[in-house]
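# Coordinate inspection notes
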Amino acid sequence: MLQTVAGHFRTDTTTWNLLQWAYGRQKVRYAGCGGYYSPAHLGYGKTSITAVVCKRLELGDIDRGNLSNGTPSAHPDAEHIHDIISHFRSKHYWMLVNAAEVSAPPQWDIDPPEGKLKPVLKKNGKPKMIVCPVKKRPIACRIEFVGYSDAEREKMILNARAAYETWWSLLSHLTKVLRYNQPLKHWKITGIGAKRQPWNSIVTRVG
């Protein structure tokens, strides 16, 4: 749906879709220095911004050809989003940016392998044996525990879900900021665009 504000037509979108557009299609993090944090803080390390941008152009990751001061520039809406997020705490900034750049939220549906006992094998594939110190002959096969205990698996699943909910809470906060101020020229925020607890909608099949 198109909305018009101050003479501009705006397209409905969600905050999650907007972030994917800004950091995925617009590659706003590579479009010049921009933002509050230093290049090193933004993940460039000791590499200059110019070198990063040139490499991205070579790989075809940036192909818009829109130049500003010799480096590609992003859409003003993307730059505005980047400016807002750059003032978040570092770990929250990266949680949003990393997810948006790969178009995938933090993984919550992990399935750690269940713990089990298995024989310890030699390089030739045969089991290692425990040798009786008196009779000098094998009496049992060596075994090891692989995978995770039930308690460990539960903790890992809960931690993954907690990380997802933190990410969702950041999206929710950003949504409120954008819907209240409506600072974007091309986009109109209509919602978050992601479920808060998607695991609650999983239907378990029986039989």
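Residues numbered from 1 in each chain as written. Predicted model: local features only at pLDDT ≥ 70, side-chain atom pairs only at ≥ 80, totals over all residues. Heavy atoms only, no water.

### Overview of the environment of Asn 159
In this structure, Asn 159 sits in helix H6 (residues 150-181). Exposure remark for Asn 159: the relative accessible area of 46% places this residue in the partly exposed category. (Helix = DSSP H or I, 4+ residues; strand = E, 2+ residues; numbered from the N terminus. Buried < 20%, exposed > 50% of the residue type's maximum accessible area, 1.4 Å probe, protein only.)

### Focus on the nonpolar core
Note on soluble globular proteins: their nonpolar side chains tend to be buried together. Within the largest apolar cluster, 33 residues are counted, with the highest numbers of intra-cluster contacts made by Leu 18, Leu 19, Tyr 23, Ile 81, Ile 85, Leu 96 and Trp 167. Where this core is concerned, the elements lending two or more residues are helix H1 (15-25), helix H4 (76-85), helix H5 (90-102), H6 and strand E9 (187-191). The greatest single-element share of this core, amounting to seven residues, is contributed by H6. When sequence neighbours within four positions are dropped, the list of residues in contact with Ile 85 reads Leu 19, Tyr 23, Tyr 93, Leu 96, Val 97 and Leu 174. (Core = buried A, V, L, I, M, F, W, Y, C linked by side-chain atoms within 4.5 Å. Contact = heavy atoms within 4.5 Å.)

### Some remarks on a nonpolar patch on the surface
Taken together, Leu 117, Ile 143 and Phe 145 make up a surface patch of nonpolar side chains, about 350 Å² in accessible area. The topology assignment puts Ile 143 in strand E8 (residues 143-146). (Patch = residues over 30% accessible without salt bridge, like charges linked within 9 Å, V, L, I, M, F, W, Y side chains within 5 Å. Areas by Shrake-Rupley, 256 points an atom, 1.4 Å probe, with all protein chains shown as cover. Salt bridge = Lys/Arg side-chain N within 4 Å of Asp/Glu carboxyl O.)

### Description of unusual backbone geometry
For Ser 103, which is not a glycine, the phi torsion comes out positive at approximately 55°. Following the sequence through the fold, Ser 103 ends up in the loop between H5 and strand E5 (116-119).

### What to know about the packing of aromatic side chains
Counting across every chain of the model gives six aromatic pairs. Arranged with centres 5.2 Å apart and planes meeting at 50°, the rings of Tyr 164 and Trp 167 form a pair that is tilted. Here Tyr 164 pairs with Trp 167, and both are found in helix H6, just three residues apart, close to one helical turn. Taken as a pair, Tyr 164 and Trp 167 share a single burial class, namely buried. (Phe/Tyr/Trp six-rings, centres within 6.5 Å; stacked < 30°, edge-to-face > 60°.)

### Description of the pattern of salt bridges
Evaluated as defined, the whole model comprises three salt bridges. The salt bridge involving Glu 101 is made with Arg 29; its shortest N-O contact spans 2.7 Å. Taken together, the positions of Glu 101 in helix H5 and Arg 29 in the loop between H1 and helix H2 (40-44) put the pair 72 residues apart, joining distant regions of the chain. Taking relative accessible area as the criterion, Glu 101 reaches 25% and is therefore assigned partly exposed.

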